[in-house]
Amino acid sequence: VRLALEHSPAWKAWADADGKLFDQQTFADFLDDRYLDVIDPAPAVLIDIARTFQAKTNVTFESAFREGSGDVTLKFVEDTKAKAGQTGDLEIPSRIQLALRPYVGGPIYSIWASFRYRLTGGNVVLGFRLERPENILEAAFADIVTEIRDGRTDKKDGTETRVHDGIGQVPIFAGKPSA
């Protein structure tokens, strides 16, 4: 017996963008297209952050010389300050929580992503890095195999009520989330 599972469009979209950095407009457009997958922060807040993100880097260079020993001490400090929102009052998240269905027809899982940004050549680039997506894929596969073997499901009356995080089960949805 061979089980061939197909990744959902949502999983493919996030996996394809995983680890890449995008200009602000491209990243905001991506989030706008995938906002139904975002749990925390609120999707509208995350999109606003992407659209209004600003960052500034200050560099301090210090050197000291000891005449007696001839030792030279060099210190290079780079400090990046980031803000978002029309008035700069939105908190930049360090992590984003997503609700993704790894396989078509399978359960939805909660997965975290680290929010990333860089200043390159005077421009800001934004992105994310999924945290241990392989654990979610393994759990999703195991859950589907168990469901097939045991004939059980986490659906009641056609409404999905539970979300898996790859470790345990966490109730998140009180309705049927989109694919």
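All values reported here derive from a predicted model rather than from experimental measurement.

About the cut-offs
- Residues numbered from 1 in each chain as written.
- Predicted model: local features only at pLDDT ≥ 70, side-chain atom pairs only at ≥ 80, totals over all residues.
- Heavy atoms only, no water.
- Helix = DSSP H or I, 4+ residues; strand = E, 2+ residues; numbered from the N terminus.
- Buried < 20%, exposed > 50% of the residue type's maximum accessible area, 1.4 Å probe, protein only.
- Contact = heavy atoms within 4.5 Å.
- Areas by Shrake-Rupley, 256 points an atom, 1.4 Å probe, with all protein chains shown as cover.
- Axes fitted to C-alpha atoms, helices over the stretch in contact; angles between N-to-C directions.
- Parallel < 35°, antiparallel > 145°, perpendicular 65-115°, else oblique.
- Nonpolar A, V, L, I, M, F, W, Y, C, P; charged D, E, K, R; others polar.
- Expected span 1.5 Å × (residues − 1).
- Arc of directions from axis to C-beta.
- Core = buried A, V, L, I, M, F, W, Y, C linked by side-chain atoms within 4.5 Å.
- pLDDT = per-residue confidence, 0-100.
- Patch = residues over 30% accessible without salt bridge, like charges linked within 9 Å, V, L, I, M, F, W, Y side chains within 5 Å.
- Salt bridge = Lys/Arg side-chain N within 4 Å of Asp/Glu carboxyl O.
- Pairing = 2+ DSSP bridges.

**What to know about the overall build of the protein**
Helix and strand content of the protein: four helices and eleven strands. In the protein, which comprises 179 residues, the proportion classed as buried is 33%. Considering only contacts within the protein whose residues lie at least 6 apart along the sequence, 58% involve residues at least 24 apart. Surface accessibility of the protein: about 11,000 Å² in total, with carbon and sulfur atoms responsible for 49%.

**Some details on the packing of helix α2 (residues 24-33) against helix α3 (residues 43-52)**
Running from N to C, α2 and α3 cross one another at 170°; their axes reach a closest spacing of 8 Å. As judged from the angle between their axes, α2 and α3 are roughly antiparallel. Seen from α2, the contacting residues are Q24, Q25, F27, A28, D29, L31 and D32; seen from α3, they are L46, I47, A50, R51 and T52. Split by residue class, the contact of α2 with α3 holds six nonpolar, three polar and three charged.

**Observations concerning the environment of A17**
Among the structural elements, A17 can be located in helix α1 (residues 9-17). Here A17 falls in the buried class, since its relative accessible area comes to 5%. C-alpha separation for the pair A17 and L130, spaced 113 residues apart in sequence, amounts to 9.4 Å. Those residues within four positions of A17 in sequence are excluded, and the remaining contacts are F22, F30 and F128.

**Quick notes on helix α4 (residues 133-150)**
The end-to-end C-alpha separation of α4 is 25 Å, in line with the 26 Å expected for 18 residues at 1.5 Å each. Regarding α4, the residues found buried are P133, I136, A139, A140, I144 and T146. Projection of α4 onto a plane perpendicular to its axis shows the buried side chains occupying an angular sector of 160°, all on one side. In α4, the exposed positions angled more than 90 degrees off the buried face are occupied by E138, I148 and R149. Residues of α4 that are buried sit in contact with α1, β6 (109-120) and β7 (123-130).

**Digging into the nonpolar core**
Membership of the largest hydrophobic core comes to 32 residues, with the highest contact counts inside it found for W14, F27, L31, L98, F115 and F128. Counting only elements with at least two residues in this core, the list comes to α1, α2, α3, β5 (95-100), β6, β7 and α4. Setting aside residues no more than four positions away along its own chain, L98 makes contact with W14, D37, V38, I39, Y109, S110, I111, A113 and L130.

**What about the environment of R51?**
Residue placement: R51 occurs in helix α3. Spatially, the C-alpha atom of R51 lies 10.0 Å from that of D23, the residues being 28 residues apart in sequence. When neighbours within four sequence positions are excluded, R51 is seen to be in contact with Q24, Q25, A28, D29 and D32.

**Regarding the confidence of the model for the protein**
On average, residues of the protein score 75 in pLDDT, and 63% of them are at 70 or above. α1 holds the highest mean pLDDT among the elements of the protein, 95, whereas strand β11 (residues 169-170) holds the lowest, 46. Contacts for the low-pLDDT stretch residues 158-179, under 50 throughout, to residues beyond four places or in other chains number 53 contacts.

**Some points on a nonpolar patch on the surface**
Nonpolar side chains collect at one region of the surface, where L3, F141 and I148 lie side by side and expose about 270 Å² of accessible area between them. Positionally, L3 belongs in the segment before α1. With relative accessibility at 34%, the residue L3 sits in the partly exposed group.

**Observations concerning the pairing of β5**
With five of six residues buried, β5 is to be regarded as a mostly interior element. Relative to β5, strand β2 (residues 38-40) is paired through two bridges, and the arrangement is antiparallel. Pairing of D40 across the sheet is with Q97, part of β5. Two strands pair when backbone bridges link them, and β5 and β6 are joined in this way by six bridges, in the antiparallel orientation. The residue bridging L100 from the neighbouring strand is Y109, located in β6.

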